[in-house]
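Per-entry structural report
One-letter residues, chain by chain:
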Amino acid sequence: MKAETTPRKFYELDLEERLQEVRRLSGLSPEELHALAGQNGLTAEQADHMIENAVGVYALPLGIARNFLVNGREILVPMAIEEPSVVAGASFMARLARPLGGFRAETTPPEMIGQMQILEVSDPQAARQRLLDARAELLEAAANTDPVLKKYGGGPRDIEVRVLEDTPIGPFLVLHLIYDVRDAMGANAINTTLESLAPLAARITGGRVHLRILSNLADRRLARASAVFRPQDLAFDRFSGEEVRDGIIAAWAFAAADPYRAATHNKGIMNGVDAVVIATGNDWRAIEAGAHAYAARSGRYTSLSTWRRDAEGNLTGSIELPMAVGIIGGATRVHPAARAALKLMGVSSAAELAQIIAAVGLAQNLAALRALATEGIQRGHMSLHARQIAAAAGAEGSLVSRIADQMVKEQNIRAERAAELLKEYNQPESAES
Ligand code: MEV
């Protein structure tokens, strides 16, 4: 290990030095650090208790995004992702947000929606009214199904009832149970409550309760983040800060107006969002489903973020999306790396985690737009892509960078070339380690 760790940048350290730096900054124990790094992470035995037919575990790269200041708090952000440039992009944009205060973020209450589909109701409008009249009774019945959430102040908050008239099977009723799930993701609490409530709903309506399941369009459980960037910090290469700012706004306008572009724009946001969701053991499919459904809430799929110029000429960005993440229960509790990831961020509530994730999504979006609006994304992607190819060819240690740099220089990033270079550099006179 090299002695002078402080003056070097985090990305310049080797793997072990980075871990020690994370330890110094976070106070994680050696065991937690190792869990975070996957060294004593999820075992096949633990996996066997999590899913059916388990044969082992699947690993992803885990990186730490730096420079995040969210609501005034410094945060080391764990990101589990296989795609190059994502961790670097988030870290860089988080740094650019710092001169004007970093990210401000907030959440709405952690209210999830559980849905009940009620079929075979003779007079749906009258049955709807009976359900609404029985609101207190339904909420009381729902209140006792999850004693743990109740103890922490969670529980049912409201019911809504709609008649869906125009469906392929004719009209039916949909009951929404609004449920405050506190620090849980909430799927279990909601689904259990809906199932226990079904007989009462059937009695009140005279119908047959069919589906009882939470909605992933968690549009009452939103996370928002915003940040302001000075144009001079955006300047890049031959592009002035103002050009970059205006280029980013034009790129956003494309996504705001066109679903084809919005899908890719939002995918860039989800690069950051999912990486933290996965690192913390949360259900990224739920987050993906919620985000894209929310992006289409007006009837036309659009951007989850907004980029504008403020009166001072700064670039302002904001994002709003459903964020049904938990810090208790499920894999967040079982997975040792997920537990370490939550501790690394020092989050004490699901809301705080949701705020950080929204900030990372916004940073990731800016990284992509800034690259797209200037040099394009390929240059940045290429050097990491080249590293992947070099490593896949069998290069280790400093040979990875050496081979990657050479391939980028030659603009010839191929497995065959990596193998040739590896052979060449592995000759005794050029061996490095
Ligand atoms: C690639 O994973 C993500 C981007 O396509 C996002 C975007 O186009 O905004 C670069």
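Coordinates for the structure precede this section.
Scope of this entry: the structure provided in the associated data block. If you're wondering where the values come from, they're calculated on a predicted model, not measured in any experiment.

To continue, consider the overall build of the protein. The number of helices and strands found in the protein is 18 helices and 10 strands. When its C-alpha atoms are laid out on the principal axes, the protein stretches across 85 × 55 × 40 Å. The 433 residues of the protein split such that 48% are buried. Taking contacts inside the protein between residues at least 6 apart in sequence as the whole, the part at least 24 apart equals 70%. Distance between charge centres in the protein, computed from 46 positive and 52 negative side chains, equals 3 Å.

Moving on, we come to the site of the ligand. In the vicinity of the ligand, the residues found are Glu83, Arg261, Thr264, His265, Lys267, Gly268, Asn271, Ala368, Leu372 and Ile377. Between the ligand and Arg261, the relevant distance is 2.7 Å, taken from an oxygen atom to a side-chain nitrogen or oxygen of the residue. The side chain of Lys267 places a nitrogen or oxygen atom 2.7 Å from an oxygen atom of the ligand. Put simply, the parts of the chain that give the shell around the ligand at least two residues each are α11 (259-279) and α15 (350-372). In terms of residues, the shell around the ligand owes the most to one element, α11, which gives 6 residues. Broken down by class, the residue content of the shell around the ligand amounts to 3 nonpolar, 4 polar and 3 charged.

This brings us to the environment of Arg95. Along the chain, Arg95 turns up in helix α4 (residues 86-97). Take Arg95: its relative accessible area is 45%, and that puts it in the partly exposed class.

This part takes up the packing of helix α16 (residues 378-392) against helix α17 (residues 398-410). Where α16 contacts α17, the axes come no closer than 8 Å and their chain directions differ by 125°. Considering the angle they form, α16 stands oblique to α17. Pair α16 / α17 crosses with right-handed handedness. Here α16 contributes Met382, Ser383, Ala386, Arg387, Ile389 and Ala390 to the contact with α17, which in turn contributes Val400, Ser401, Ile403, Ala404, Met407 and Val408. Its residues assigned to classes, the contact of α16 with α17 comprises 9 nonpolar, 2 polar and 1 charged.

With that settled, the discussion passes to the sheet that holds strand β10 (residues 315-322). The 4 strands are arranged β3-β8-β10-β9 in an open sheet whose pairing can be described as antiparallel. In this open sheet, the two edge strands, each paired with only one partner strand, are β3 (104-107) and β9 (305-309). Strand-to-strand twist in this sheet, taken as the mean axis angle between neighbours without regard to direction, amounts to 10°. Where β9 lies against β10, 5 bridges are found, and the strand directions are antiparallel. Looking at β10, one finds that Thr306 is bridged to Ser318. Across the face of the sheet, α15 comes into contact with β3, β8 (222-229), β9 and β10 while running at roughly 45° to β8.

With that settled, consider the sheet that holds strand β6 (residues 172-180). Adjacent strands of a sheet form backbone hydrogen bonds with each other and so pair up, either parallel or antiparallel. Taken in spatial order, the 4 strands of this open sheet run β5-β6-β4-β7, and their pairing is antiparallel. Taken across any chain shown, the strands that pair with only one partner, and hence form the sheet edges, are β5 (155-164) and β7 (208-214). This sheet shows a mean twist of 20° between the axes of neighbouring strands, independent of strand direction. The strands that helix α6 (residues 135-143) touches are β5 and β6; relative to β5, the one it contacts most, it runs at about 130°.

It is worth spelling out the pattern of salt bridges at this point. Between side chains of opposite charge, a pair can form as their charged atoms come close. Tallied over the entire structure, the rule returns 20 salt bridges. Its salt-bridge partner being Asp180, residue Arg182 comes within 2.7 Å of it at the nearest N-O pair. By relative accessible area, which is 30% here, Arg182 ends up partly exposed. Accessibility expressed as a relative area gives 2% for Asp180, which makes it buried. Note that Arg245 is salt-bridged to Asp246, the shortest N-O span being 2.9 Å.

Calculation rules
Residues numbered from 1 in each chain as written. Predicted model: local features only at pLDDT ≥ 70, side-chain atom pairs only at ≥ 80, totals over all residues. Heavy atoms only, no water. Helix = DSSP H or I, 4+ residues; strand = E, 2+ residues; numbered from the N terminus. Buried < 20%, exposed > 50% of the residue type's maximum accessible area, 1.4 Å probe, protein only. Contact = heavy atoms within 4.5 Å. Lys, Arg positive; Asp, Glu negative; His and termini not counted. Charge placed at Lys NZ, Arg CZ, Asp CG, Glu CD. Near = heavy atom within 4 Å. Polar contact = N/O pair within 3.5 Å; in protein donor to acceptor, adjacent residues only side chain to side chain. Nonpolar A, V, L, I, M, F, W, Y, C, P; charged D, E, K, R; others polar. Axes fitted to C-alpha atoms, helices over the stretch in contact; angles between N-to-C directions. Parallel < 35°, antiparallel > 145°, perpendicular 65-115°, else oblique. Left-handed = near helix turned anticlockwise from the far one by under 90°. Pairing = 2+ DSSP bridges. Salt bridge = Lys/Arg side-chain N within 4 Å of Asp/Glu carboxyl O.

Everything listed here is a matter of coordinates, which is why it stays silent on function.
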